[in-house]
Amino acid sequence: MAGARTPTAPPDVGGASDDVLLTVRAAEGDEDAFAVLVQRHAPALIRLATRLLGTPAEAEDAVQDAFLSAWRRLPEFQGRAAFGTWMYRIVTNRCLNVLRSRRPVAPLEAAGEVPAAEHTTSPERLAESRDAVRELREALDLLSAEQRTCWVLRELDGRSYAFIAEVVGLSQEAVRARVFRARRCLTRALGAWR
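Novice: Would you mind going over the overall build of the chain with me for this structure?
Specialist: The helix and strand tally for the chain stands at eight helices and zero strands. Reading the helices (α) and strands (β) of the chain from amino to carboxyl end gives α-α-α-α-α-α-α-α. With 194 residues in all, the chain has 36% of them scored as buried. Once local pairs closer than 6 in sequence are excluded, the contacts in the chain between residues at least 24 apart make up 64%. Surface summary for the chain: the accessible area is close to 11,300 Å², and the carbon and sulfur share equals 53%.

Okay, structure coming up:
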């Protein structure tokens, strides 16, 4: 057939309409279509999981588990949300489960360092940057898992309250309240850095 795609050919453009087609094909057992979805969505999901969990290894495990779960559940996927939103929800739930089961908190050293900007290469500035990152990680550990998730999605990912509400399964008002409480807690905890 002229113009027909082979099962292994990825779509030309990486848009939401392509996700719908790929999701349908993957639900029918097309592993190549699912591989394209994984390639397309994995980087953002790993960033999210790393921000929530603090360690790249845990983040990669959470995202891998989420994709395995999604592959198994694809035939049940009804498309009420976009595939990416569905994956955000699965990854967020995996991370929430990890955060809830984690107490005491993982060592901060495992989180790695944030590279300093070029203009802050003095030892004093590097020490301040490391201290600030450590303080932020400690402050984030004071938040409940739900507050941390809502705050990360809003402040670090720049997501809308409506998107966050859909992902975490709360009302927009509840999301706003969790973000507000998280901001207040972080402001108190990081008061010395103002």
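Novice: When you look at the packing of helix α4 (residues 83-101) against helix α7 (residues 161-168) in this model, what are you seeing that I'm missing?
Specialist: Each pair of packed helices can be described by the angle between their axes along with the distance between the axes. One can describe the packing of α4 onto α7 by two numbers: an axis separation of 8 Å at closest approach and a directional angle of 60 degrees. With respect to α7, the element α4 is oriented oblique. When the axes of α4 and α7 are compared, the crossing they make is right-handed. Across the interface between the two elements, Thr85, Tyr88, Arg89 and Thr92 of α4 pack against Phe163, Glu166, Val167 and Val168 of α7. Grouping the amino acids of the contact of α4 with α7 by side-chain chemistry returns four nonpolar, two polar and two charged.

Novice: Where do I start with the confidence of the model for the chain in this structure?
Specialist: Low pLDDT means the predicted atomic positions in that stretch should not be read closely. When the pLDDT values of the chain are averaged, the result is 80; 75% of them are 70 or greater. At the low end of the mean pLDDT range in the chain sits helix α5 (residues 123-142), at 72; at the high end sits helix α2 (residues 31-53), at 94. Scored below 50 in pLDDT, residues 1-13 shows 17 contacts in the model against residues more than four places distant or in partner chains. Considering only residues more than four positions removed or in separate chains, one finds that residues 105-112, a stretch of pLDDT under 50, has 10 contacts.

Novice: Just to check I follow, could you spell out the packing of helix α3 (residues 56-73) against α4 for this structure?
Specialist: Interaxial distance between α3 and α4 falls to 9 Å at its minimum, and their mutual angle equals 130 degrees. The orientation of α3 relative to α4 falls into the category oblique. The two elements α3 and α4 cross, and the hand of that crossing is right-handed. Of α4, the residues touching α3 (which contributes Glu58, Ala62, Val63, Asp65, Ala66, Phe67, Ser69, Ala70 and Arg73) are Phe83, Trp86, Met87, Ile90, Val91, Arg94, Cys95 and Val98. In terms of residue class, the contact of α3 with α4 is made up of 12 nonpolar, one polar and four charged.

Novice: Help me understand α3 in this model?
Specialist: Every α-helical turn comprises 3.6 residues, leaving residues that sit three or four positions apart pointing alike. For α3, which comprises 18 residues, the first-to-last C-alpha distance of 25 Å matches the rise-based estimate of 26 Å (1.5 Å per residue) to within 8%. Within the sequence span of α3, burial applies to Ala59, Ala62, Val63, Ala66, Phe67, Ser69 and Ala70. Within α3, the buried residues cover an arc of 160 degrees as seen down the axis, which keeps them to one side. Exposed positions of α3 whose direction lies more than 90 degrees from the buried face are Ala57 and Arg72. Against the buried residues of α3 lie α2 and α4.

Novice: Would you mind going over the nonpolar core with me for this structure?
Specialist: Across soluble globular proteins, you tend to see nonpolar side chains buried next to one another. Counting 48 residues, the largest nonpolar core has Phe34, Phe67, Phe83, Met87, Val91 and Val175 as the members making the most contacts within it. Breaking this core down by element, the ones donating at least two residues are α1 (16-27), α2, α3, α4, α5, α6 (145-156), α7 and α8 (172-189). Apart from residues no more than four positions distant in its own chain, Phe34 is found in contact with Ala26, Phe67, Ala70, Trp71, Leu74 and Phe83.

Novice: Could you clarify how one ought to interpret the pattern of salt bridges in this entry?
Specialist: When the charged atoms of two side chains lie near each other, side chains of opposite charge can form a pair. Scanning the entire structure with this criterion turns up six salt bridges. Across the pair Asp19 and Arg40 runs a salt bridge whose closest N-O atoms are separated by 2.5 Å. With Asp19 in helix α1 and Arg40 in helix α2, this pair connects stretches of sequence that are 21 residues apart.

Novice: Is there a simple way to think about the environment of Gln78 in this case?
Specialist: Inspection of the secondary structure assignment puts Gln78 in the loop between α3 and α4. When its relative accessible area of 60% is taken as the criterion, Gln78 is described as exposed. Sequence separation between Gln78 and Val24 is 54 residues, and the spatial gap between their C-alpha atoms is 9.7 Å. At 2.7 Å, the side chain of Gln78 forms a polar contact with the side chain of Arg80.

Rules behind the numbers
- Along every chain, residues carry numbers that run from 1 in the direction the sequence is written.
- Given that this is a predicted model, residues contribute local features only at a pLDDT of at least 70 and side-chain atom pairs are listed and counted only at 80 or more, while totals for whole chains, interfaces and linings are drawn from all residues.
- Calculation of side-chain values draws on the structure's entire complement of heavy atoms; hydrogens and water are dropped beforehand.
- Secondary structure elements follow DSSP: runs of H or I of four or more residues count as helices, runs of E of two or more count as strands, with numbering from the N terminus.
- For the exposure calls, accessible area comes from a 1.4 Å probe over protein chains only, and a residue counts as buried if that area is under 20% of its type's maximum, exposed if over 50%, partly exposed in between.
- It only takes one pair of heavy atoms within 4.5 Å for two residues to be counted as in contact.
- We get accessible surface area from the Shrake-Rupley algorithm with a probe of 1.4 Å; when it comes to residues, only the shown protein chains can shield them.
- Inter-axis angles, ranging from 0 to 180 degrees, are taken between N-to-C directions of lines fitted to C-alpha atoms, where helices are fitted over the stretch in contact.
- Roughly parallel refers to an angle under 35 degrees, roughly antiparallel to one over 145, roughly perpendicular to one between 65 and 115, and oblique to any angle outside these ranges.
- Helix crossings fall into two classes, left-handed where the near helix is turned counterclockwise from the far one by less than a right angle and right-handed where it is turned clockwise.
- Gly counts as polar in this scheme, as do all residues outside two lists: the nonpolar Ala, Val, Leu, Ile, Met, Phe, Trp, Tyr, Cys and Pro, and the charged Asp, Glu, Lys and Arg.
- One confidence number per residue, pLDDT, is output by the predictor and ranges from 0 to 100.
- Here, expected helix span is obtained from the residue count minus one, scaled by 1.5 Å.
- Our arc is simply the arc of the directions from the helix axis toward the C-beta atoms.
- By nonpolar core we mean a set of buried residues, namely Ala, Val, Leu, Ile, Met, Phe, Trp, Tyr and Cys, connected to one another through side-chain atoms within 4.5 Å.
- One side-chain nitrogen of Lys or Arg within 4 Å of one carboxyl oxygen of Asp or Glu is enough to make a salt bridge.
- Polar contact criterion, stated in full: a pair of N or O atoms within 3.5 Å, where within protein one must be able to donate a hydrogen and the other to accept it, and residues adjacent in sequence count only if both atoms are side-chain atoms.

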